[in-house]
Amino acid sequence: METSAVLLEGAKQLSIQSVGLKEPADGDVVVQVSHSGISTGTESLLWSGTMPPFPGMGYPLVPGYEAVGEVIHAEKGAALSPGDYVFVPGSNGFTDALGLFGGSARLLVTPCDRTIKIDQNLGEQGALFALAATARHAIAGMEVRLPDLIIGHGVLGRMLARLTLAAGGEPPTVWEIDAARRDGAVGYEVVHPDTDNRNNYRAIFDASGRSDLLDQWIQRGQKGAEIVLAGFYSERINFAFPPAFMKEIKIRIAAEWSQSDLIAVRALVESGALSLDGLITHRSSAEEADLAYRTAFETADCSKMMLDWSNIK
C-alpha cells in the first residue's frame, strides 16, 4: 500500500511524495483524509530545522497531527466501520518515513483507539479538535484556575478564551501585539499589552510560544499567581528569580492532550457550548503543500492553514 503524503526531507525541504504504508493489523483502521491542518507551533520547528531533540525526530518524516477523514477499511477488533468520519491525531503507519506526527497524508493506517468519531457535518473544522483538546487539557488539569490573562490571540488563544467562557469563567483578557489578530473576539477583550496596566492576574496562560517574555508575565501576576505554558518552546526557559520569589509564582507546563480531552471537546462542540467557527483563516490544495507551509509560517495573518486532500489520489 502507498499514499501521497507531505514529506519533510530536511529543513525547509518539503514536497508531496508517495510513501509506503504498513499493512493494517487487528484493531487498525484505514482513513482517507479529507483535510489536515498545519500547526504553527511544533510543525514550524520541524520545518525550520529548529525542533529540539524529541522522540521520533528525524528525516524523512511526515508531519501533522490535525487530520479528519472517512474510515474506508476496518480490521477485526476495530470499533469503527467504513463510512465513519473521524479525527486522527497522526499516524506511525509508514514504511519508509517517520511519523512525527504523521497526519498529513491522503491515507492513514492507525489503531482505531487513537481516533475519535465526529459529526461529518463539521467537515474541515474537525481538524481543529487537536487545538481544542490542547486548550482543554491546559485548563482541565489538577486544581487548575481558569485563565484571566491569555497571551496570544491565535487559534490556541481563542480556544482557551472560548473554553473559559464555556466553563462559566469570567471573560479573560487576551494580549495580542498584532493588530490584525485582535479581531474575532466574542465575549472577551483583546488588547495590546502596552495598554493594559493590570498587575494582579491570578492565572496567566501563554499561547504564543514566547518564553522570552516570562519576566513580563511574572510582573503582571499577583502573589501566588500561576503561569501556564500551553505552547511548545524550542529554547531554554529562563526567568529572573527575585520577582518570581517575592510573588511565589507557580509555573505549570501543559503537555499534549489525552483521549479524555478529545471526548470532552466533542461533547462541548456537539452541545453548542464550544464553537469552531471563524478559526480557519487560509486554505490550500495539498498539491501546493510547500507554498501552504511557507504561508502558514511566514504570513502574519495566517492563524490556521488547512490542506484539502480531496484532489489527491
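A short tour of the structure in this document, coming up. Since we're looking at a predicted model, the values are computed, not measured.

### Things to note about helix 3 (residues 155-166)
Argument step 1. If you check helix 3, its first and last C-alpha atoms are 16 Å apart, about what twelve residues at 1.5 Å a residue would give, namely 16 Å.
Argument step 2. Counting buried positions along helix 3 yields ten of twelve residues, so the element is predominantly enclosed.
Argument step 3. For helix 3, every residue scored as buried is listed here: Val155, Leu156, Gly157, Arg158, Met159, Leu160, Ala161, Arg162, Leu163 and Thr164.
Argument step 4. Buried residues along helix 3 sit in contact with helix 2 (129-139), strand 10 (149-151), strand 11 (173-175), strand 13 (201-206) and helix 6 (259-271).
Argument step 5. Immediately beyond the C-terminal end of helix 3, within one or two residues, lies Gly168, with a positive phi of roughly 85 degrees.

### What to know about the pairing of strand 3 (residues 28-38)
Argument step 1. Of all eleven residues in strand 3, ten are buried, a share of seventy percent or more.
Argument step 2. The pairing of strand 3 with strand 8 (residues 107-111) spans five bridges and is classified as antiparallel. Bridge assignment links Val30 to a residue of strand 8, and that residue is Val109.
Argument step 3. Pairing analysis gives seven bridges linking strand 3 to strand 5 (residues 67-74), with the strands arranged antiparallel. Residue pairing for strand 5: Val33 is matched across the bridge by Gly69.
Argument step 4. Examined bridge by bridge, strand 3 and strand 17 (residues 305-308) share four bridges and lie antiparallel to one another. Residue Ile38 lies in a different strand from strand 17, and its bridge partner there is Met305.

### Digging into the environment of Ala255
Argument step 1. Structurally, Ala255 is set in the loop between strand 15 (250-253) and helix 6.
Argument step 2. Assessed through its relative accessible area of 48%, Ala255 is described here as partly exposed.
Argument step 3. In this structure, the C-alpha to C-alpha distance between Ala255 and Cys112, residues 143 residues apart in sequence, is 23 Å.

### Regarding a nonpolar patch on the surface
Argument step 1. Together, Ile237, Phe239, Phe241, Phe245, Met246 and Ile251 make up a nonpolar patch on the protein surface, roughly 610 Å² of accessible area in all.
Argument step 2. Here the element with the most residues in the nonpolar patch is helix 5 (residues 241-247); it accounts for three residues.

Definitions and limits used
Residues numbered from 1 in each chain as written. Predicted model: local features only at pLDDT ≥ 70, side-chain atom pairs only at ≥ 80, totals over all residues. Heavy atoms only, no water. Helix = DSSP H or I, 4+ residues; strand = E, 2+ residues; numbered from the N terminus. Expected span 1.5 Å × (residues − 1). Buried < 20%, exposed > 50% of the residue type's maximum accessible area, 1.4 Å probe, protein only. Contact = heavy atoms within 4.5 Å. Pairing = 2+ DSSP bridges. Patch = residues over 30% accessible without salt bridge, like charges linked within 9 Å, V, L, I, M, F, W, Y side chains within 5 Å. Areas by Shrake-Rupley, 256 points an atom, 1.4 Å probe, with all protein chains shown as cover. Salt bridge = Lys/Arg side-chain N within 4 Å of Asp/Glu carboxyl O.

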